[in-house]
Amino acid sequence: MPQQKDRYHKGLIMKKPQTDAIGYLPPSTVKVTAVLLALLQAACLCARADGRASWPQFRGPNGQGISACAHPPLSFSKATAAWSVEVPPGHSSPAVLGNKIFLTAFEAKKLDCRAYDRTTGKLLWAKPVATEKIEETHVFSNPAAATPAADADHVVFYIGSYGLLAYTHDGQLSWERKLPQQVSRGHYGSGTSPVLCDDLVILALDSDEGGSRLLAVRRASGDLAWEIPRPLFMAGWSTPVVCTKAGHSEIVLLGSKKLVAYNPTDGQELWSVPGFTMETACSPAFDGDRVFACSAGLGGRSSLHFESSFWAQLLVFDANKDGKIQINEVPEDFHLVLRPELPEGHPGRLLPFNVKGMLKGMDEDKDGAVSEQELIKFTEGFEKSDAPVLMAVRPGQSVKNEDRVAWTNSRGIPEVPSPLAYQGKLYLVRDGGLLQCVDTRTGSVLYQERIGASGGYTASPVAAEDRIYLASQSGTITVIDARSDKLHVLAQNALEEKITATPALVDNSIYVRTDKHLYAFSGGN
């Protein structure tokens, strides 16, 4: 929600806000104050103490996908790239500090940590990671998934197959900490990234095999600062965020069924909010006043009900037209379409379960056939057990539990891309190129429309200079106007290469990692 232009805060004079008789700020004042606080916080984070431009970790300087001082170009293409360089496969997003770009890569069953020159794209160094075993990942994922986190002295990499490694900016190993591999039911692999908080590196380690915990190590040495067990949490892929309000910081982490805030000093739990789904991938957004957390239902369901009609797909096997599906007539290799918004061949399009086995479980009267009523009863029970949700949460220990949640929403919830809180609006993009824009104060939906770039979405939205940048898996980066309460597409930039990593916005450039290249597009004002 902070805004990018210097004219908004140069010479700013802040008067003491007027309160009512019992000391409460009127809603309009609260909203404006939150915007200003977030703006100033982002501006301070954008310009690091050492004077170097930065996008130093997942979703940038404040972990929120916002740059308060970048001026990236509106329109760009391969032909207008300042430079491009071939890179091995990997899903880690570029982290930028000073004149270096850091990322990880996986090729020929080998992992490495890399640094590139931000001016030319030249590879400066690549350090192999000597793993004993590469973690098992889903066909869509990649063992090089976590985005590095960089400070003035080190860049910290998390490799799910190995652990944490810290290098100096010239590629010398400073320290390392081996960690057990994450185990998940779907064998998705790890997905969370390390984040910086004071002199600490924070890492979430949730697993389906027990031992889930939140870890904090010293940036300079890798020594353990604290470690807090999360015994009831299953595997998750959300990255923690550091939320600072009125000088008080909290580490906020979304996990299975619950959002939890921790004390950065000792890791003790400060507050929590239940009501989320079992599997979480999105990281929370923070606008200086409220935390916004969301999780899709199992199978990536974005709303309360499945959008794909399973019964219509099964009717092709109703040979005698009696309104029932004979289970033995369903082919062994048949799969239901789970996400119709994804293109043919996409690994997430089909339901990854054996359909015949599932139908046998629905057959309550054991007549060897399934009726529409039996299917509806099964899917309704599934929907109720794991409903997608978006919550606006008031942080801070002083907030009463009954006042913690400001509002909720259960429509248009993304599966992977994190929400973006920017200029009083919350942006959520999901598969199919459906963008939802929500008023952060009230939760009212300003618009929910398709942006014109279909297919899957995993990269999180990023913002700078009144613009939102949305990267699709198919390789189109759509730019929309953040000042408008209606969808206003400013540009669509087709790179025609798969994008899963979140772009970085630094100075007058946007840095984009595709499945084949690392690009620098410059030319912003």
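Definitions and limits used
- Residues numbered from 1 in each chain as written.
- Predicted model: local features only at pLDDT ≥ 70, side-chain atom pairs only at ≥ 80, totals over all residues.
- Heavy atoms only, no water.
- Helix = DSSP H or I, 4+ residues; strand = E, 2+ residues; numbered from the N terminus.
- Buried < 20%, exposed > 50% of the residue type's maximum accessible area, 1.4 Å probe, protein only.
- Contact = heavy atoms within 4.5 Å.
- Areas by Shrake-Rupley, 256 points an atom, 1.4 Å probe, with all protein chains shown as cover.
- pLDDT = per-residue confidence, 0-100.
- Phe/Tyr/Trp six-rings, centres within 6.5 Å; stacked < 30°, edge-to-face > 60°.
- Lys NZ or Arg CZ within 6 Å of the ring centre and 35° of its normal.
- Pairing = 2+ DSSP bridges.
- Salt bridge = Lys/Arg side-chain N within 4 Å of Asp/Glu carboxyl O.
- Core = buried A, V, L, I, M, F, W, Y, C linked by side-chain atoms within 4.5 Å.

Trainee: Could you clarify how one ought to interpret the overall build of the protein in this entry?
Mentor: If you tally the helices and strands in the protein, you get four helices and 35 strands. For the protein, the residues scored as buried account for 57% of the 525 residues in total. Counting only contacts in the protein whose residues sit at least 6 apart along the sequence, the fraction spanning at least 24 positions is 59%. Looking at the protein as shown, the accessible area adds up to about 21,500 Å², and 52% of this sits on carbon and sulfur atoms.

Trainee: Just to check I follow, could you spell out the confidence of the model for the protein for this structure?
Mentor: Keep in mind that low pLDDT regions are not for reading the predicted coordinates in detail. For the protein, the mean per-residue pLDDT works out to 87, and 88% of the residues sit at or above 70. Note that pLDDT drops below 50 for residues 1-45; the model gives that stretch 66 contacts with residues more than four away or on any other chain.

Trainee: Would you explain the packing of aromatic side chains in this entry?
Mentor: For any pair of aromatic rings, the description rests on two quantities: the centre-to-centre distance and the angle between the ring planes. This model, assessed by the stated rule, comprises 10 aromatic pairs. On the numbers, 4.9 Å between centres and 85 degrees between planes, the contact of Phe 317 with Phe 334 is edge-to-face. One end of the pair, Phe 317, is in the loop between helix H2 (310-314) and strand S21 (324-326); the other, Phe 334, is in the loop between S21 and helix H3 (355-362), with 17 residues separating them in the sequence. With relative accessibility at 15%, the residue Phe 317 sits in the buried group. Above the face of the Phe 233 ring, Arg 230 is positioned so that its terminal group lies 3.7 Å from the ring centre.

Trainee: Looking at this structure, how should I read unusual backbone geometry?
Mentor: Backbone geometry follows two general trends: most residues other than glycine have a negative phi, and most peptide bonds adopt the trans configuration. A positive phi is found at Lys 109, a non-glycine position, where the angle reads about 60 degrees. Relative to the elements of secondary structure, Lys 109 occurs in the loop between strand S4 (100-107) and strand S5 (110-117). Lys 109 sits in the exposed class, given a relative accessible area of 73%. Positive phi, close to 75 degrees, is recorded for Lys 257, a residue that is not glycine.

Trainee: Would you take a moment to explain the sheet that holds strand S9 (residues 163-168) for this structure?
Mentor: Taking strand neighbours across the sheet as the criterion, the four strands line up as S7-S8-S9-S10 in an open arrangement whose pairing is antiparallel. Looking at which strands have only one partner, the edges of the open sheet turn out to be strand S7 (149-150) and strand S10 (173-178). Sheet topology note: the S9/S10 ladder contains five bridges and is antiparallel. Residue pairing across strands places Ala 166 opposite Trp 175, the latter belonging to S10.

Trainee: Explanation requested: the pattern of salt bridges in the structure shown.
Mentor: Under the definition given, this model contains 15 salt bridges. Two residues, Arg 290 and Asp 289, come together in a salt bridge whose shortest N-O distance is 4.0 Å. Residue Arg 290 is classed as buried on the basis of its relative accessible area, which comes to 6%. Of the residues examined, Asp 289 reaches a relative accessible area of 10% and is grouped as buried. Its salt-bridge partner being Lys 425, residue Asp 485 comes within 3.5 Å of it at the nearest N-O pair. Here the residue Asp 485 occupies a position in the loop between strand S31 (476-481) and strand S32 (489-494), and Lys 425 occupies one in strand S26 (residues 425-430), the gap between them amounting to 60 residues. Overlapping salt bridges bring together Lys 245, Asp 289, Arg 290 and Arg 441 as one network.

Trainee: Is there a simple way to think about the sheet that holds strand S23 (residues 389-393) in this case?
Mentor: As a general point, the strands of a sheet are linked pairwise by backbone hydrogen bonds and lie either parallel or antiparallel. Across the sheet, four strands lie side by side as S19-S20-S23-S24; this open sheet has antiparallel pairing. With one partner strand each, in any of the chains shown, strand S19 (285-286) and strand S24 (405-409) form the two edges of the open sheet. Where S23 and S24 come together, four bridges link them in antiparallel fashion. Following the sheet pairing, Ala 392 is matched in S24 by Trp 407.

Trainee: Is there a simple way to explain the pairing of strand S28 (residues 445-450) in this structure?
Mentor: Remark: a regular strand shows side chains that alternate across the two faces of the sheet. Across five bridges, strand S27 (residues 434-439) lies against S28 in antiparallel orientation. Across the sheet, the residue bridging to Cys 437 is Tyr 447, located in S28. Linking S27 to S28, which pair antiparallel, is a turn of five residues; within it Gly 443 sits at a positive phi near 85 degrees.

Trainee: Help me understand the nonpolar core in this model?
Mentor: If you look at soluble globular proteins, the nonpolar side chains tend to sit buried side by side. Residues Ile 477, Tyr 511 and Leu 518 are the most contacted members of the largest nonpolar core, which totals 31 residues. Secondary-structure elements contributing two or more residues to this core are strand S2 (83-86), S4, strand S29 (462-464), strand S30 (467-471), S31, strand S33 (504-506), strand S34 (509-513) and strand S35 (517-522). Per-element tally for this core: the top contributor is S35, with four residues.

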